[in-house]
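What follows is each chain in one-letter form.
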Amino acid sequence: MKITMLAGGVGGAKFALGLRALLQARHPDHELRIIANVGDDMWLTGLKVCPDLDSLMYALAGVNDAQRGWGREDESTRVSAELSEFGVGWPWFTLGDLDLGTHIARSALLREGLPLSDVTRRLSARWDLGARLLPAAETDLETWVELEAGCAETGTVHFEEWWVRLRAGIPAHRFHQRGTQPVQPGAGVLEAIADADAVLFAPSNPVVSIGTICGFPAADGPGIAGIPEIADALRSTRAPVVGVSPIIDSAPLRGMARQCLQSLGWECSARAVGLAYGARSAGGLLDGWLVDEADASAVPELRSAGLHAQAAPLWMTDAATSQDLAAAALQLADLVSSSPR
Ligand code: GDP
Ligand code: CA
């Protein structure tokens, strides 16, 4: 059984752990491929930093700092402090010493000429991840935020600066994706969508984690483009495509999804995100959409829009609830497969 999942960092990693456990228990012959957002990536202090790829890698390897929510467990920040003394890097963006080891290794391999997909494979081969990590793009494709005019700060900042330094406190007027043109999807990404038995969208930020991979429209316009070949692959795959809402009862559990949705003119709700992704039968990206039981009242409208919408418990509070959520997503994928198109 081949499962392909689209993911950002922390929400994506929680879901990936549940999905991996479920597949190991029920489908010993499975293949799990995770297409990771690269929009948060940046070159910092001369090093290529890939926050979402690393959150996924560390969580699957069991070496993440779950308390802090980023970086490796048991790491110090002596190198970051030293860099700040030199005035190099972002003083508000602390990178732990073990994490810096990853970025040094990645940058060294990139400078040797390896593409990011190969580098990611080399780095993750160190652990038994039980999944293959696929960067969404091979070439740089960073998310930048154009700040709303007339605020305390103006101009355009890298997404991580908007989130970590500005705490998304200045409204985003627009999201841009900056990178080498034409954008090249990561090696293996299109194939992993085409030959999957099911494609799942993790409950990740719909705009800056999933939208940067496959696009996300604004309520009244084009929104964020993503990587058009990936959107095409999703539209044409024979596999059922099922998404899990990161929004429960009109609130993201963590993070800046509200600010991102607002800047694209959407309300922050599982209903709005499902309608924005849209049904594949109506030119959108999804067949199925899982919302939390608290949002069950949105199901009829989502179904009228052509989505196989269902309500289930979406909180991942521990390993068991993450696995149950993965099971609910796969069950919905089965239901989609057995329904007439
Ligand atoms: P990031 O790249 O680290 O910001 O992580 P993601 O984009 O992968 O995930 C962030 C999203 O995960 C947020 O919008 C949260 O609402 C969502 N999220 C976090 N925990 C849970 C959970 O237990 N259940 C659901 N449904 N969503 C969650
Ligand atoms: Ca992220």
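Everything numeric in this text was worked out from a predicted model, so none of it was measured. Throughout, residues of each chain are indexed from 1 in the direction in which the sequence is written. Lettering of chains starts at A and numbering of ligands starts at 1, both following the order in which they are written. Since the coordinates come from a predicted model, pLDDT governs what is reported: local features require at least 70, and pairs of side-chain atoms require 80 or more to be given and counted, while whole-chain, interface and lining totals use all residues. The basis for every side-chain value is the complete set of heavy atoms in the structure, and neither hydrogens nor water enter the calculation.

I would appreciate a short explanation of the overall build of the protein chain in the present structure.
In DSSP terms, a helix is any run of H or I states spanning at least four residues, a strand is any run of E spanning at least two, and both are numbered starting from the N terminus. Within the protein chain, the regular secondary structure consists of 13 helices and 16 strands. Accessible area is worked out with a 1.4 Å probe on protein chains only. A residue is then buried under 20% of its type maximum, exposed over 50%, and partly exposed in between. The buried share of the protein chain, taken over its 341 residues, is 55%. Working rule for contacts: check all heavy atoms of both residues, and any pair within 4.5 Å makes them a contact. Long-range contacts, defined as pairs at least 24 residues apart, comprise 67% of the intrachain contacts of the protein chain with a sequence gap of at least 6. Values of accessible area rely on a 1.4 Å probe in the Shrake-Rupley scheme; residue burial ignores everything except the protein chains shown. Carbon and sulfur atoms form 50% of the exposed surface of the protein chain, whose accessible area is close to 14,300 Å².

I'm lost on the pairing of strand 6 (residues 141-147) in this one. Help?
Regular strands place side chains that alternate from one sheet face to the opposite one. Extensive coverage of strand 6 is indicated by the burial of six of its seven residues. Two strands form a pair only when DSSP identifies at least two bridges running between them. Here strand 6 pairs with strand 8 (residues 172-179) via seven bridges, running antiparallel. For threonine 143, the partnering residue across the bridge sits in strand 8 and is glutamine 177. Strand direction decides the pairing type here: strand 6 and strand 7 (residues 156-158), joined by three bridges, are antiparallel. In the sheet register, glutamate 146 faces strand 7, and the bridge partner there is threonine 156.

Any chance you could explain the sheet that holds strand 1 (residues 2-7) here in plain terms?
Whether parallel or antiparallel, the strands of a sheet pair through hydrogen bonds between backbone atoms. One open sheet accounts for seven strands, arranged 5-2-1-9-12-15-16; its pairing is parallel. Single-partner strands in this sheet number two, and they are strand 5 (132-135) and strand 16 (308-312). Sheet twist, expressed as the average angle between the axes of neighbouring strands with direction ignored, equals 20°. Of the strands in this sheet, strand 1, strand 2 (31-36), strand 9 (198-201) and strand 12 (241-244) touch helix 1 (residues 10-26), which is tilted by about 170° from strand 1. Every axis in this analysis is a line fitted to C-alpha atoms, fitted for helices over the stretch in contact. Angles between the N-to-C directions lie between 0 and 180 degrees.

Where do I start with the coordination of the calcium ion (ligand 2) in this structure?
Perfect tetrahedral coordination of a metal by four donors corresponds to 109.5 degrees between them, and perfect octahedral coordination by six donors corresponds to 90 or 180 degrees. Only nitrogen, oxygen and sulfur atoms count as donors, using a 2.8 Å cut-off from the metal that widens to 3.2 Å for Na, K and Ca. Water is left out, so coordination shells may look unfilled. Here the calcium ion (ligand 2) is held by the protein donor atoms Asp40 (OD), Asp52 (OD) and Asp52 (OD), which lie 2.2 to 2.6 Å from it. Of this pair, aspartate 40 sits in the loop between strand 2 and strand 3 (42-44) while aspartate 52 sits in helix 2 (residues 51-61), and the two are 12 residues apart along the sequence. By the burial criterion, aspartate 40 is buried, and aspartate 52 matches it.

Would you explain the site of ligand 1 in this entry?
Near is defined per residue: the residue qualifies when any heavy atom it owns lies within 4 Å of the molecule or strand. In the vicinity of ligand 1, 21 residues are found, and the nearest of them are Ser204, Ser209, Pro246, Leu314 and Met316. Polar contact is the term for a pair of N or O atoms within 3.5 Å; when the atoms are in protein, one must be able to donate a hydrogen and the other to accept it, and sequence-neighboring residues count only if both atoms are side-chain atoms. A distance of 2.9 Å separates an oxygen atom of ligand 1 from a polar backbone atom of proline 203. Between an oxygen atom of ligand 1 and a side-chain N or O atom of serine 204, the distance comes to 2.6 Å. Coverage of ligand 1 by the protein chains reaches 93% of its 600 Å² of free accessible surface. Ten residues, namely Ala, Val, Leu, Ile, Met, Phe, Trp, Tyr, Cys and Pro, are considered nonpolar, four, namely Asp, Glu, Lys and Arg, are considered charged, and the remaining ones, Gly among them, are considered polar. By residue class, the composition of the shell around ligand 1 is 10 nonpolar, eight polar and three charged.

Sorry, what's going on with empty space enclosed by the protein here?
By rolling a water-sized probe across the atoms, one finds the places where empty space is left. Whether a set of points on the 1 Å grid over the protein atoms alone is a cavity depends on a 1.4 Å probe fitting there but being unable to get out, while an open set qualifies as a pocket with protein on both sides within 12 Å along at least five of seven lines; lining residues are those with an atom within 4 Å of a point. Grid points are joined across faces, edges and corners, and a volume is the space filled by probe spheres set on the points. With the rule as written, the count across this model stands at one cavity of 30 Å³ or more. Here the largest cavity defines a volume of roughly 30 Å³. In terms of lining residues, the largest cavity is bounded by Leu53, Asp54, Met57, Arg106, Thr120, Leu123 and Leu133. Listing elements by their share of the lining of the largest cavity, those giving two or more residues are helix 2 and helix 5 (116-124). Per element, the largest residue contribution to the lining of the largest cavity is three residues, and it comes from helix 2. The residue inventory of the lining of the largest cavity, partitioned by class, reads four nonpolar, one polar and two charged.

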